[in-house]
Amino acid sequence: MPALSAIDLAMFLLETPARPFNIGPLVLLRPPESFKGNFADKLHAKLLKRPPGPPFNYRFKQSLTHLPSVEPMTDPDIRAHVHRLTLKNATMDALLKEVCALHETQLDRSGLLWQFYVIDGLVDGRVALYGKAHHGIIDGRTFVKAVTLWLTHDPKDKVVRALWDGVPRSSSATRERADMVQQLLGAGSQVTGALLSAAGLYGMLAQQGLRALSLGKELSLPYLKVSSAFDGALSPKRSYAYCTLPLTEMKSLGKARGATVNDLLLTALDMAMQQYLRKRGGKYKEPLVADMPVALAEDAKGGNQIAVLQFPLGKAGDSVAERLAAIRAETGRLKEQLKTLSSDTVMLYTTIVHAVPLLMEMVAAQAAPRLSNLMVSNPFGLAGQPYLMGAAVELVLPVSVVAAGHKLNVTAVSLGERLQLGFLAMPEAVPHIEELARFTEQAYVELRAALGESVPAAEPAPAPQKKSAKASVRAPRKTAAGKTPATRKRATPAKRSTSSASA
């Protein structure tokens, strides 16, 4: 039976309606002009023939006598997990609203831990694919690998693979995670009762883990005086925006300045956030604080083997060069710290630190501490021009998690020569989130100019669209058993929240 790491367990046991642990891609396809028939219908029919592989064939299992775990399902019926959805003359703005509404809901634990949607009816003729899976069974990097195996670089390849086909997983990685959980949480009857509740999980981690951690010497305690920037009402609602940056150019610029693409990304984001806050009259003297996942093992095959560590960005009045230098120094310090620590130590630290805000939110939302102003992750990406059933893939946008301790997530995934940034937030924490995406594009241009790099202007990304009328959606038809079938038929337009902003 596949083992869960301490972080995986926390994601299952500490999940709340306001903090669902859903991650997944939003893919935009351009069907070939020569395609005959309805592309979305044919793709949906072929996807239904693909059985799920690990970790997409797992379900969550909890008992009174064993540690919570996941187990493979035998011949699961995926028709309740692969859906057809048609919008009516929908803009990109309307599509993002729809995806936010789908992303907000928690996944049912009784079956497969994912859902997938084939969506048509966009005004530009593209077809969208949106999938979400529980973060407890897969991390961002493995999700990118799943997407890579799903797509092809041959436009003539008409074999339809599925996102849920599966990612190979080494038995050694499974054993390592099982050993780690036993070491951290103990074995046998001492743990089974405690792990039936979120409070029990945190109590066990704190009792067993804090004794083993030399926090003052090896890892800094999380920031306890994080500013109120990007804070707002706790909500299950989400808003989303995106932008793209020129990846090849960023690599060249970074190489010339001794910086990584991640350093440049963090600098541009920091500049954009400062501009966004200034526009709204925010005055924050202290640097914004970022939460950043760091992969701990290059051969991880599913689950979460990561550290999530906090560090400050640049000061409000810093020049571009000073801001970049400060960020490089902080990320460099974290990398050096991680070299001296075991994976067990940093994973336990991550779990303990991020469990505190979730547990406090369950009691009193206002009392929960802020660990950071945002989470930023960059789980690699996709090379070249991918295709699916002959359709060109134009976007692969990450839709991630707004975890406890902050209310804004920025995730980067590369596609060919573009770095795609997905901005996900609780709406009241980041009103008009599309402005933050636009400011990030502008900040990169300013960054490039400030570093004195003489390069051609970056290719403009699709302009953010203004809010439009809500998309008309085919409402789900209920079967006699009360379940939603895989294909939705025409019905009256369904209502959607206006809290989801566009990009």
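Residues numbered from 1 in each chain as written. Predicted model: local features only at pLDDT ≥ 70, side-chain atom pairs only at ≥ 80, totals over all residues. Heavy atoms only, no water.

**Structural notes on the overall build of the protein chain**
Here's step 1: Per the secondary structure count, the protein chain includes 12 helices and 16 strands.
Here's step 2: Looking at the protein chain as a whole, 58% of its 503 residues are labelled buried.
Here's step 3: When the accessible surface of the protein chain is split by element, carbon and sulfur atoms take 54% of a total near 21000 Å². (Helix = DSSP H or I, 4+ residues; strand = E, 2+ residues; numbered from the N terminus. Buried < 20%, exposed > 50% of the residue type's maximum accessible area, 1.4 Å probe, protein only. Areas by Shrake-Rupley, 256 points an atom, 1.4 Å probe, with all protein chains shown as cover.)

**A short note on helix α8 (residues 247-257)**
Here's step 1: Those residues of α8 that fall on the buried side of the exposure criterion are L247, E249, M250, L253 and G254. Buried residues of α8 fall within an arc of 155 degrees about the axis and therefore sit on the same side. Of the exposed residues in α8, the ones pointing more than 90 degrees away from its buried face are K251 and K255.
Here's step 2: Residues of α8 that are buried sit in contact with β7 (239-246), α9 (261-279), β14 (408-415), β15 (418-425) and α12 (433-450).
Here's step 3: The positive-phi residue at the C-terminal boundary of α8 is G258, with phi of around 65 degrees. (Arc of directions from axis to C-beta. Contact = heavy atoms within 4.5 Å.)

**Focus: the nonpolar core**
Here's step 1: Counting 76 residues, the largest nonpolar core has L26, L95, F230 and L408 as the members making the most contacts within it.
Here's step 2: Broken down by element, the residue count for this core peaks at 11 residues, all from α9.
Here's step 3: The contact partners of L408, leaving out residues within four places of it in the chain, are F230, M273, N373, L374, M375, V402, L424, A425, V430, I433 and L436. (Core = buried A, V, L, I, M, F, W, Y, C linked by side-chain atoms within 4.5 Å.)

**Let's talk about the confidence of the model for the protein chain**
Here's step 1: The predicted model of the protein chain has a mean per-residue pLDDT of 80, with 73% of residues at 70 or higher.
Here's step 2: Taken as a whole, residues 200-217 scores under 50 in pLDDT and shows 38 contacts with residues more than four places along the chain or in a different chain.
Here's step 3: The low-confidence segment residues 455-503 (pLDDT under 50) makes 108 contacts with residues lying over four places distant or belonging to another chain. (pLDDT = per-residue confidence, 0-100.)

**Regarding the side chain of S377**
Here's step 1: Its location among the elements puts S377 in strand β10 (residues 374-377).
Here's step 2: In this structure S377 comes out as buried when scored by relative accessible area, which is 12%.
Here's step 3: One polar contact links S377 to T411, side chain to side chain, over a distance of 3.2 Å.
Here's step 4: Filtering out sequence-adjacent residues up to four positions away, S377 remains in contact with P293, V410, T411 and A412. (Polar contact = N/O pair within 3.5 Å; in protein donor to acceptor, adjacent residues only side chain to side chain.)

**Here we look at the packing of α9 against α12**
Here's step 1: With their axes 8 Å apart at the nearest point, α9 and α12 run at an angle of 125 degrees to one another. Considering the angle they form, α9 stands oblique to α12. Handedness of the crossing formed by α9 with α12: right-handed. Side by side, α9 and α12 meet where L264, T267, A268, L269, M271, A272, M273, Q275, Y276 and K279 of the first sit next to E435, L436, F439, T440, Q442, A443, Y444, E446 and L447 of the second.
Here's step 2: Residues belonging to the contact of α9 with α12 are distributed by class as follows: 12 nonpolar, 4 polar and 3 charged. (Axes fitted to C-alpha atoms, helices over the stretch in contact; angles between N-to-C directions. Parallel < 35°, antiparallel > 145°, perpendicular 65-115°, else oblique. Left-handed = near helix turned anticlockwise from the far one by under 90°. Nonpolar A, V, L, I, M, F, W, Y, C, P; charged D, E, K, R; others polar.)

**Description of the pattern of salt bridges**
Here's step 1: All told, the structure shown has 20 salt bridges when counted by the stated rule.
Here's step 2: Here D157 ties to R161 by a salt bridge, and the two come within 3.1 Å at their closest N and O atoms.
Here's step 3: A relative accessible area of 15% means that D157 is categorised as buried.
Here's step 4: Given a relative accessible area of 23%, R161 falls into the partly exposed group. (Salt bridge = Lys/Arg side-chain N within 4 Å of Asp/Glu carboxyl O.)

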